[in-house]
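Structural overview
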2 protein chains.
Amino acid sequence: MKQSNTFIPTLREVPSDAEIKSHKLLLRAGFIRQVASGVYTYMPLGWRVLQKIEKIVREEMDKAGGVELLMPALQPAELWQESGRWNDYGPELMRLNDRHERPFALGPTHEEVITALVRDEIKSYKRLPLTLYQIQTKFRDEKRPRMGLLRGREFVMKDAYSFHTTRESLDETYEKMYEAYSNIFSRLGLNFRAVIADSGSIGGKGTHEFMVLSEIGEDTIAFSDESDYAANIEMAEVVTTYNKKDEPLKELQKVNTGEHKTIEDVVTFLKIQSEDTIKSLLFKVDGEFVLVLVRGDHEVNDVKVKNLLDASVVELATPEETERIIGCQIGNVGPIGVQNVKVIADIAVQYIVNGVCGANEEHMHYVNVNPDRDFQVDTYADLRFIQEGDPSPDGKGTVKFAKGIEVGHVFKLGTKYSNALNATFLDENGRSQPMIMGCYGIGISRLMMAIAEQFADDKGLVWPEVVSPYQVHILIVNMKDETQTSLGFDVYHRLQKAGFEVLLDDRNERAGVKFADSDLIGIPTRITIGKKASDGIVEMKDRQTGEVKEIAVDQMINELAKA
Amino acid sequence: MKQSNTFIPTLREVPSDAEIKSHKLLLRAGFIRQVASGVYTYMPLGWRVLQKIEKIVREEMDKAGGVELLMPALQPAELWQESGRWNDYGPELMRLNDRHERPFALGPTHEEVITALVRDEIKSYKRLPLTLYQIQTKFRDEKRPRMGLLRGREFVMKDAYSFHTTRESLDETYEKMYEAYSNIFSRLGLNFRAVIADSGSIGGKGTHEFMVLSEIGEDTIAFSDESDYAANIEMAEVVTTYNKKDEPLKELQKVNTGEHKTIEDVVTFLKIQSEDTIKSLLFKVDGEFVLVLVRGDHEVNDVKVKNLLDASVVELATPEETERIIGCQIGNVGPIGVQNVKVIADIAVQYIVNGVCGANEEHMHYVNVNPDRDFQVDTYADLRFIQEGDPSPDGKGTVKFAKGIEVGHVFKLGTKYSNALNATFLDENGRSQPMIMGCYGIGISRLMMAIAEQFADDKGLVWPEVVSPYQVHILIVNMKDETQTSLGFDVYHRLQKAGFEVLLDDRNERAGVKFADSDLIGIPTRITIGKKASDGIVEMKDRQTGEVKEIAVDQMINELAKA
């Protein structure tokens with residue numbers, strides 16, 4: 001493609017509305033343009049990157065046994081009413097009425113449509129399992145669209161849905177999808193982790209998120225420094241073992257700690273360690289009050305509280321509720337003497353000897369507190385957030401933290417949608433059973449941004465070969481020099497003939513502008529046709545390493561063909 | 001692809017909601033499924049056909065210099081207000097508010113978005129011309145969605161837009177697009193015509209529609225039986241020459257024709273020919289009344305009236321208006337004695353000698369009417385519809401009629417949108433000029449249906465090779481016969497290795513079901529693995545010709561590879 005014929009509007013200025021590197025660069029290099037908040041046009045270069053990502057996703061989905069189709073964006077409200085999500089989804093679901101005042105949703109996802117489709121067409125176990133996928137435009141009315149393609153309102157997704165007769169069959173497809181996703185993100189050259197995620201009421205290892213590691217990520221991942229273990233921090237199991245201090249139990253005492261309220265203040269005041277203190281938090285769990293205890297240097301993980309109690313909603317009690325139930329301010333709560341409230345504690349609490357906790361009254365703390373002697377705990381369990389330095393839950397190495405951008409998600413849905421929409425099959429004995437489902441998503445447009453975030457330097461984008469909009473960028477330094485233009489076009493045609501995707505900068509621009517644009521756009525190999533054109537010598541530059549060499553044209557073409 | 005792994009739900013019954021052949025067959029063969037009125041899922045086979053059509057469209061668009069991008073479906077209302085179409089488009093424009101109550105349209109077309117994009121990015125003549133295109137999902141809230149993908153509410157289109165500094169540059173691109181479109185429809189094997197269409201106020205040959213000839217088409221085309229001339233009948237110029245009858249002018253007479261009112265009745269009653277009568281119709285043209293005369297055997301073409309008078313709205317006068325202006329019922333109107341109303345007549349009227357017309361009173365007609373003697377005409381012009389048998393307007397052959405499905409449209413927009421959205425460039429002299437635009441659409445999903453309509457027989461679909469979902473369909477007659485299955489899978493793998501797209505019917509179904517499904521799906525070549533499998537002999541059938549032969553496997557693969 002000749003640059004004079006295409007549409008690559010590069011910008012010198014950093015756009016004021018872009019906060020993160022990839023967003024700035026994709027705007028500056030002319031890959032995307034905003035049409036409305038969270039709504040973008042994929043410009044010719046951006047569109048080429050998207051297509052390459054899609055091709056890799058398709059190849060791996062096909063290899064894993066997925067079958068492609070295309071469902072519509074317009075979805076009748078009735079389907080969403082059947083699943084219950086017409087109400088549950090909230091304002092993120094974009095809704096409209098047609099000219100006959102019939103309500104529709106613009107699909108943010110397609111569980112309803114595909115479940116109804118398979119329900120209507122498949123009646124027998126003989127036709128299952130089946131994995132269907134599409135690459136399609138989705139709509140989600142984000143409250144605060146931000147970070148370019150990371151939180152958009154119209155975006156491209158690959159979504160897949162599988163249908164099964166047994167849990168084992170679902171597990172098998174889940175594994176295949178997990179592998180396919182690993183292949184996809186590996187082929188894209190991304191630094192990613194498959195992360196154990198919150199599967200809610202399904203439990204177990206029923207869901208993984210695929211996270212690209214990046215400082216701008218909105219999720220925190222706990223991962224092992226020695227294995228491939230990774231989990232969302234809410235999901236990371238704590239397997240730390242604790243020991244009791246070897247000292248005699250002392251007599252429980254109430255002491256006045258004055259205005260010292262926070263763990264930090266109390267620890268300094270009493271000259272103790274924070275691991276000797278007990279943090280006590282009153283929660284409201286599905287409407288009932290529960291006192292949760294963790295060590296002072298730990299944080300309560302409410303997902304674990306929720307899972308332990310098999311609850312739907314876990315929230316901190318308000319100051320008023322705390323006052324009413326415990327009879328003191330939030331900062332003074334402690335477990336001793338509390339009645340009619342369930343008490344659960346993190347395992348680490350059980351190992352505290354002669355510790356410190358709040359006394360349920362202003363200015364006072366208990367010291368020499370010993371669990372099970374001074375207060376009763378209903379259940380000890382893993383209830384805290386993992387911390388950097390904790391042993392990895394898989395027994396290999398220790399835990400570190402990183403930030404991640406979610407680019408994929410595999411999920412065992414079970415029978416949630418097949419029950420709601422009555423998608424059943426007849427088993428081998430002629431009995432009607434609900435289909436068992438899985439769903440699997442990849443954010444295609446988000447991936448473009450995640451790649452740009454991971455592959456860039458201070459000069460611009462640095463595309464991996466497999467997704468680069470073009471493979472070779474030819475730059476003719478001086479378009480008024482006939483030797484240069486003639487060699488430039490010759491090299492252009494020869495490389496195209498050899499099967500390369502080539503962008504040719506044939507613009508009448510200053511060399512400085514052309515070099516800057518080329519670095520900004522970030523095609524892996526640049527061939528500069530300059531003064532040595534008369535000797536058949538060009539400059540070959542590797543965008544990633546910055547390595548530059550002068551080379552004869554024939555040799556250059558051979559070298560590229562070999563790579 | 002093994003049929004046991006994919007999703008091809010065929011139907012024996014003819015779906016009750018489908019009226020036309022292609023719609024019935026695409027439903028029965030499992031290519032599409034309706035999600036809501038005018039909203040479809042493209043099932044795995046349908047999706048493959050769509051992709052193949054898209055590939056051909058892309059190749060030809062790229063060859064013609066088009067550059068691909070992707071614009072969003074969500075379009076801010078402000079852009080549509082700028083162009084004036086927020087009001088003009090009417091209820092076919094799907095509209096919604098986002099969570100902040102900001103209004104959006106779901107794009108039925110992208111003139112506004114692309115004009116704003118190019119306006120914001122291109123300032124200089126140096127960056128023009130530019131042709132951008134996308135293949136994207138469109139929304140149009142049809143009042144009465146019908147005929148499956150022909151009149152849908154969500155559909156796939158290729159839309160292209162070109163931007164120019166001069167009319168000549170637009171003409172050049174228009175020619176390229178016209179050629180690209182001809183190539184596309186030729187490659188798809190369609191029987192089509194490029195048809196001169198109504199370009200409204202732009203005039204001249206500023207627009208062509210590409211029509212696939214089909215009985216179910218909603219448009220009538222006039223085409224030459226000897227050349228490639230074709231036009232929408234409203235647009236077809238009449239070049240017929242007329243002669244005056246060689247007889248003396250007789251005296252004008254008013255006669256009582258009793259209850260005979262229609263041309264047909266009067267002609268029989270008076271024992272004359274309908275070509276000797278004058279049909280007089282009162283129109284309201286932009287609010288003014290105009291009397292339009294054509295010969296009794298001709299029909300008024302209101303597009304020609306509109307173009308002659310350079311008007312916006314042309315409609316027949318109501319009975320009340322006719323009574324008020326002419327003083328009689330609609331069926332009695334004639335030109336003699338009419339005052340204060342403009343009179344225009346088709347050229348044929350001028351050649352009438354001793355004709356017949358209404359007398360503006362009940363039961364009465366004039367006979368021996370001679371134009372220019374008995375009444376005055378302001379303008380004679382071509383005002384009638386062309387008829388079968390008229391000479392072709394290009395001077396070659398005579399005109400025939402056919403019905404057509406519009407699958408493509410090329411249009412010289414001029415400066416309509418660039419003026420409205422202020423899309424200007426600086427010319428070589430530094431003067432600001434509006435960009436000159438063209439737009440070019442192809443209905444991708446509609447094409448699938450048009451192809452199905454043209455390529456089908458009483459057994460099912462008969463896909464042309466280039467768009468067939470697969471190239472070869474292997475059918476194993478008896479899955480319990482190990483020789484057959486073993487040869488079947490062997491042939492399957494060998495054909496795949498040889499680069500063919502193969503569908504393998506490996507289902508445990510009766511042979512009759514498999515044969516019927518295969519004919520219904522319509523893949524060009526069927527290889528049946530039956531009883532002669534033990535001798536390495538298979539049956540090879542051409543879906544189109546029905547030709548069947550027994551052939552050794554090696555030979556069959558060679559033959560396919562050569563084709």
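This text gives an overview of the structure that appears in the document. It should be emphasised that the depicted structure is a prediction, and the values quoted were computed from it without experimental measurement. (Residues numbered from 1 in each chain as written. Chains lettered and ligands numbered in written order. Predicted model: local features only at pLDDT ≥ 70, side-chain atom pairs only at ≥ 80, totals over all residues. Heavy atoms only, no water.)

Some thoughts on the overall build of chain A
Basically, it comes down to this: By definition, any uninterrupted DSSP run of H or I lasting at least four residues is a helix, any uninterrupted run of E lasting at least two residues is a strand, and each is numbered from the N terminus. Relative accessibility decides the category of a residue: with a 1.4 Å probe and only protein chains considered, values under 20% of the type maximum give buried, values over 50% give exposed, and everything between is partly exposed. Contacts between residues were defined by any pair of non-hydrogen atoms, one from each residue, lying within 4.5 Å. Every accessible area reported is derived by Shrake-Rupley at a probe size of 1.4 Å, with residue values counting cover from the shown protein chains alone. Charge counting treats Lys and Arg as positive and Asp and Glu as negative, with His and both chain ends excluded. Charge positions come from single atoms, namely NZ of Lys, CZ of Arg, CG of Asp or CD of Glu.
Each helix and strand counted, chain A has 14 helices and 31 strands in total. In terms of overall dimensions, chain A has a C-alpha envelope of 95 × 65 × 45 Å along the principal axes. Looking at chain A residue by residue over its 563 residues, the buried ones come to 57%. In chain A, of all internal contacts separated by at least 6 residues, the share reaching a separation of at least 24 is 68%. Carbon together with sulfur atoms contributes 45% to the accessible area of chain A, which is approximately 23900 Å² in total. Seen as two clouds, the 68 positive and the 88 negative side-chain charges of chain A have centres 5 Å apart.

Brief notes about the pattern of salt bridges
Operational definition: Just to be clear on terms, a salt bridge is a Lys or Arg side-chain nitrogen sitting within 4 Å of an Asp or Glu carboxyl oxygen.
Considering all chains together, one arrives at 83 salt bridges over all chains under this definition. The partner of A:Asp120 in a salt bridge is A:Arg119, with the nearest N and O atoms 3.1 Å apart. In this structure A:Asp120 comes out as partly exposed when scored by relative accessible area, which is 45%. For B:Glu54, the salt bridge is made with B:Arg58, and the minimal N-O distance between the two is 3.9 Å. Pair noted here: B:Glu54 and B:Arg58 are both in helix H2 (residues 44-63), with a separation of 4 residues, about one helical turn. According to the relative accessible area criterion, B:Glu54 is buried, its value standing at 10%.

With respect to the environment of A:Gly460
In this structure, A:Gly460 sits in strand E26 (residues 460-461). Ignoring any residue separated from it by four or fewer positions in sequence, one finds A:Gly460 in contact with A:Leu25, A:Asp519, A:Leu520 and A:Arg543.

Observations regarding the sheet that holds strand E27 (residues 472-476) of chain A
Residues and elements named next belong to chain A. Stated precisely, the cut-off is as follows: Strands are treated as partners if at least two bridges between them are detected by DSSP. Whenever a helix is involved, its axis is fitted only over the stretch in contact; in every case the axis is a line through C-alpha atoms, and angles between N-to-C directions fall within 0 to 180 degrees.
Pairing in this open sheet of 5 strands is mixed, and the strands run E28-E27-E29-E30-E31 from one edge to the other. Sheet topology places strand E28 (502-505) and strand E31 (548-552) at the edges, where each strand pairs with a single neighbour. The sheet shows a mean angle of 25 degrees between the axes of neighbouring strands, direction not considered. Where strand E30 (residues 537-542) lies against E31, 5 bridges are found, and the strand directions are antiparallel. Each bridged residue has a counterpart across the sheet, and for isoleucine 537 the counterpart in E31 is alanine 552. Each of E27, E28, strand E29 (525-529) and E30 touches helix H12 (residues 482-497); the most contacted strand, E27, lies at about 165 degrees to it. Running over the sheet, helix H14 (residues 553-562) touches E27, E29, E30 and E31 and is turned about 115 degrees from E31.

What to know about the packing of aromatic side chains
Residue and element names in this part refer to chain A. To keep it simple, the criterion reads: The rule is short: rings of Phe, Tyr and Trp, with Trp giving its six-membered ring, pair when the centres are within 6.5 Å, and they are stacked under 30 degrees, edge-to-face over 60, tilted in between.
One pass over the structure, following the stated rule, counts 18 aromatic pairs over all chains. Aromatic pair tyrosine 181 and phenylalanine 185: ring centres 6.1 Å apart, planes at 90 degrees, arrangement edge-to-face. Of the two residues, tyrosine 181 and phenylalanine 185 both sit in helix H6 (residues 167-187), 4 residues apart, roughly one turn of that helix. The burial state of tyrosine 181 is the same as that of phenylalanine 185; both residues are buried.

Description of the sheet that holds strand E18 (residues 355-358) of chain B
Within a sheet, adjacent strands bond to each other through the backbone by hydrogen bonds, running parallel or antiparallel. Residues and elements named next belong to chain B. Sheet architecture is open: 3 strands sit in the order E13-E19-E18, paired in antiparallel fashion. Lying at the two open borders of the sheet, with one neighbouring strand each, are strand E13 (253-256) and E18. Here the strands of the sheet are splayed against their neighbours by 35 degrees on average, with no regard to which way each runs.

Quick notes on the environment of B:Asn256
Residue and element names in this part refer to chain B. Spelled out, the test is: In protein, a polar contact means a hydrogen-donor-capable atom and an acceptor-capable atom, both N or O and within 3.5 Å, with residues adjacent in sequence counting only if both atoms are side-chain atoms; elsewhere, any N or O pair within 3.5 Å suffices.
Mapped onto the elements of the fold, asparagine 256 is located in strand E13. The residues contacting asparagine 256, other than those within four sequence positions of it, are Phe269, His363 and Met364. Within the local environment of asparagine 256, its side chain forms a polar contact with the backbone nitrogen of glycine 258, the two atoms lying 2.7 Å apart.

What about the relation of the copies chain B and chain A?
Two chain copies, one operation linking them: a rotation about an axis together with a shift along it. What counts here: Copies are brought into register by a least-squares superposition over C-alpha atoms of residues with pLDDT of at least 70 in both.
Note on the identical chains: chain B maps onto chain A by a rotation of 180 degrees and an axial translation of 0.0 Å, with an RMSD of 0.2 Å. What the rotation and shift describe, once combined, is the action of a two-fold rotation axis. Nearest to the rotation axis, the C-alpha of B:Leu96 is located 2.7 Å from it, this being the minimum over chain B. When the interface residues of chain B are mapped onto chain A, 100% of them again lie at the interface, so the same face is used by both copies.

Observations concerning the interface of chain B and chain A
For clarity, the cut-off: Buried area: the accessible area, evaluated with a 1.4 Å probe, that two parts lose upon being put together, summed over both parts. Put simply, Ala, Val, Leu, Ile, Met, Phe, Trp, Tyr, Cys and Pro go in the nonpolar bin, Asp, Glu, Lys and Arg in the charged bin, and everything else, Gly too, in the polar bin.
At the interface, 52 residues of chain B touch 52 residues of chain A. A buried area of about 4700 Å², summed over both sides, lies between chain B and chain A, and 65% of it is on carbon and sulfur atoms. At the boundary of chain B with chain A, the tally comes to 6 salt bridges. The salt bridge involving A:Arg127 is made with B:Glu509; its shortest N-O contact spans 2.8 Å. There are 18 residue pairs in polar contact (both at pLDDT 80 or more) connecting chain B and chain A. Here the side of chain B that touches chain A is composed, by residue class, of 31 nonpolar, 5 polar and 16 charged.

Focus: helix H2 (residues 44-63) of chain A
Note: α-helices contain 3.6 residues per turn, so residues at a spacing of three or four share the same orientation. Residue and element names in this part refer to chain A. As a reminder of what qualifies: Working rule for helices: expected span equals 1.5 Å times residues minus one.
Here H2 is 20 residues long and its end C-alpha atoms lie 29 Å apart, about the 28 Å a rise of 1.5 Å per residue gives. Along H2, 14 of the 20 residues are buried, which leaves the element largely enclosed by surrounding structure. After H2 finishes, the residue glycine 65 shows a positive phi value of roughly 95 degrees.

Things to note about the pairing of strand E10 (residues 207-213) of chain A
All names here are of chain A. Of all 7 residues making up E10, 7 are buried, and the element is well covered by its neighbours. Side-chain alternation along E10 places Thr207, Glu209, Met211 and Leu213 on one buried face and His208, Phe210 and Val212 on a second face that is also buried. Of the pairings in the sheet, the one linking strand E9 (residues 192-196) to E10 comprises 5 bridges and is antiparallel in character. The residue of E10 that forms the bridge with arginine 193 is methionine 211. Summarising the sheet, E10 and strand E21 (residues 399-414) pair through 7 bridges and their orientation is antiparallel. In the strand pairing of E21, phenylalanine 210 is matched with glycine 408.

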